[in-house]
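An overview of the molecular structure
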Amino acid sequence: MSETNVEQIPEENAPSELSDDTPVDLDTVFRDSQIQEILDKLDRELVGLKPIKTRIREIAALLLVDRVRKGLGLMSGPPSLHMCFTGNPGTGKTTVAMRMAEILHRLGYIRKCTLAAVTRDDLVGQYIGHTAPKTKEVLKRAMGGVLFIDEAYYLYRSENERDYGQESIEILLQVMENQREDLVVILAGYRDRMETFFQGNPGMSSRVAHHLDFPNYSAEELIAIAKLMLEKQQYRFSPDAEKVFYEYLLKRMKLPNFANARSVRNALDRARLRQANRLFAQHRDTLTKKDLVTIEAEDILASRVFMEGQPESDQ
């Protein structure tokens, strides 16, 4: 009779000998991790996005509990942390990625508190033999932290048989699987295009555990964002200017290439230009500090959105 082979459980994965009544102080672990500081920062930086913030808190809680479980000797496979952020431009994807990197670092899931933001041009070469070195160089630089690939769907161009993006994807897949404990990859882009990307690359889809969809902002949320942006630069709206900017947003949101907070920032930059030009045209010896910090309605009404019904460039 042949001897039965019994697989030995490594000591580090052995079942805990502690009783089920062993106390666990999650509050202390949470405070020591200083994660709340990052979550508060996220709340200050980004208006709205309640579903996204809730999901980030859930992920942080999962990782915190996983850390405590390991401390008690409980078996726990390494969590898959690769993510996909979908949504239109200007919805806060990059900001959330940066805060996610901070959370992962403070919990010890990545060695470096770094975010390497790249696009297809950083990863894919233009001729044979060029793509692999480019991709590997980016991965080497990002290792130990978070790699954020914006507009990731451009890596895959099925219509071009001679495209080298597939080579970059294959290298990424290997690293995402074999070195997932030393690199977190976040893919970002429009929702519909990312769905098509995953359909053409099922191996990539299977490695991404967390899918976060960033909604567009409402006009009310965009007003709040605009006021935060102005406050950081020590500007403010006059009461009439705030009303006019709200009307501007309602019109601009219906026009092509609207990019949420990005469009708001660019509109405010142009309003500041018009304000400066208006102040120079006035009698400059009668100006006050209030004049310098206040955006007036006329600074917004001069926009092409009001004058021609056309969007101004958001580039």
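Worth saying up front: this structure is predicted, and the values here are computed from it rather than measured. Each chain carries its own residue numbering, running from 1 in the direction its sequence is written. For a predicted model such as this one, the threshold for reporting local features is a pLDDT of at least 70, and the threshold for listing and counting side-chain atom pairs is 80 or more; totals across whole chains, interfaces and linings nevertheless cover every residue. The basis for every side-chain value is the complete set of heavy atoms in the structure, and neither hydrogens nor water enter the calculation.

Here we take up the overall build of the chain. The number of helices and strands found in the chain is 15 helices and seven strands. Put simply, the radius of gyration uses C-alpha atoms, and a globule should come to 2.2 Å times the residue count raised to 0.38. The C-alpha atoms of the chain give 25 Å as radius of gyration, which overshoots the globular expectation for 315 residues (20 Å, by more than 25%). Expressed along its principal axes, the backbone C-alpha trace of the chain runs to roughly 100 × 55 × 30 Å. The buried share of the chain, reckoned over its 315 residues, is 42%. Should any heavy atoms of two residues lie within 4.5 Å, those residues are counted as being in contact. Excluding contacts between residues fewer than 6 apart, the proportion of contacts in the chain whose partners are at least 24 apart in sequence is 75%. For the purpose of counting charges, residues Lys and Arg are taken to be positive, whereas Asp and Glu are taken to be negative. His and the chain ends are not included. Each charge is placed at NZ for Lys, CZ for Arg, CG for Asp and CD for Glu. In the chain, 43 positive and 48 negative side-chain charges are present, and the distance between their average locations comes to 7 Å. Going along the chain from the N terminus, every DSSP run of H or I of four or more residues is numbered as a helix, and every run of E of two or more is numbered as a strand. For every residue, the accessible area obtained with a 1.4 Å probe (protein chains only) is divided by the maximum for its type, and the residue is called buried under 20%, exposed over 50%, and partly exposed between those limits.

This next bit is on helix H7 (residues 165-178). Under the 1.5 Å per step criterion, the end-to-end length of H7 is 20 Å for 14 residues, consistent within 8% with the ideal 20 Å. Those residues of H7 that sit buried are Gly 165, Ser 168, Ile 169, Ile 171, Leu 172, Leu 173, Val 175 and Met 176. Tucked inside the fold, the buried residues of H7 contact helix H5 (120-123), helix H6 (131-142), strand E3 (146-149), strand E4 (184-189), helix H8 (191-200) and helix H9 (202-207). A helix is expected to span 1.5 Å for every residue after the first.

The next subject is a nonpolar patch on the surface. Residues qualify for a patch when their relative accessible area is over 30% and they have no salt bridge, like charges being joined within 9 Å and the nonpolar side chains of Val, Leu, Ile, Met, Phe, Trp and Tyr within 5 Å. Residue-level accessible areas treat just the shown protein chains as cover; the underlying method is Shrake-Rupley with a 1.4 Å probe. The salt bridge criterion pairs a side-chain nitrogen of Lys or Arg with a carboxyl oxygen of Asp or Glu, the two atoms within 4 Å. Where nonpolar side chains cluster on the molecular surface, the patch consists of Val 24, Leu 26 and Val 65 and spans about 220 Å² of accessible area. Here Val 24 lies in the segment before helix H1 (26-33). Judged by relative accessible area, Val 24 falls into the partly exposed class, the value being 43%.

Note on ring pairs: Phe, Tyr and Trp rings are taken, using the six-membered ring of Trp, and paired if centres are within 6.5 Å. Classes follow the plane angle, with under 30 degrees stacked, over 60 edge-to-face and the rest tilted. Per the counting criterion, the structure on display carries seven aromatic pairs. For the pair Phe 85 and Phe 214, a centre-to-centre distance of 5.2 Å together with 50° between the ring planes defines the contact as tilted. Of this pair, Phe 85 sits in strand E1 (residues 83-87) while Phe 214 sits in strand E5 (residues 210-214), and the two are 129 residues apart along the sequence. The exposure classification of Phe 85 matches that of Phe 214, with both residues buried. Between Phe 245 and Tyr 248, the aromatic rings sit 5.4 Å apart at their centres with planes inclined by 15°, giving stacked as the arrangement. Taken as a pair, Phe 245 and Tyr 248 lie in helix H11 (residues 239-252) at a separation of three residues, close to a single helical turn. Both residues of the pair, Phe 245 and Tyr 248, count as buried. Feature note: the residues Phe 237, Phe 245, Tyr 248 and Phe 306 constitute an aromatic cluster, connected by ring pairs.

Our focus in this paragraph is the pairing of E5. Along E5, the buried face is formed by His 210, Leu 212 and Phe 214; none of His 211 and Asp 213, which line the opposite face, is buried. Strand pairing is assigned whenever DSSP identifies at least 2 bridges connecting the two strands. Relative to E5, E1 runs parallel, the two sharing five bridges. The residue bridging Cys 84 from the neighbouring strand is His 211, located in E5.

Strands sit in the order E2-E3-E4-E1-E5 across an open sheet of five strands; the sheet is parallel. Looking at which strands have only one partner, the edges of the open sheet turn out to be strand E2 (115-118) and E5. Sheet twist, expressed as the average angle between the axes of neighbouring strands with direction ignored, equals 20°. For E3 and E4, the ladder comprises four bridges, and the chain directions are parallel. Within E4, the residue paired with Val 146 across the bridge is Val 184. Fitted lines through C-alpha atoms serve as axes, helices being fitted only where they are in contact, and the angles separating the N-to-C directions of these axes extend from 0 to 180 degrees.

Looking now at the confidence of the model for the chain. In this model, the chain carries a mean pLDDT of 87, and residues with pLDDT of at least 70 account for 91%. Predicted confidence in the chain is weakest over H1, with a mean pLDDT of 83, and strongest over strand E6 (residues 236-237), with 97. Confidence scores here are pLDDT values: one per residue, from the predictor, ranging 0 to 100. Low pLDDT, under 50, characterises residues 1-16; the predicted model gives this stretch seven contacts beyond four residues in sequence or across chains.

The next point concerns the pattern of salt bridges. The full count for this structure, using the stated rule, is 14 salt bridges. Two residues, Arg 106 and Glu 37, come together in a salt bridge whose shortest N-O distance is 3.3 Å. Taken together, the residues Arg 106 in helix H4 (residues 93-106) and Glu 37 in helix H2 (residues 35-45) connect sequence positions 69 residues apart. The class of Glu 37 is partly exposed, set by a relative accessible area of 41%. Close ionic contact of Arg 111 with Asp 182 constitutes a salt bridge, the shortest N to O distance being 2.8 Å. Of the two residues, Arg 111 sits in the loop between H4 and E2 while Asp 182 sits in the loop between H7 and E4, which places them 71 residues apart along the sequence. In this structure, a network of salt bridges that share partners links the residues Lys 41, Glu 45, Arg 99 and Glu 102.

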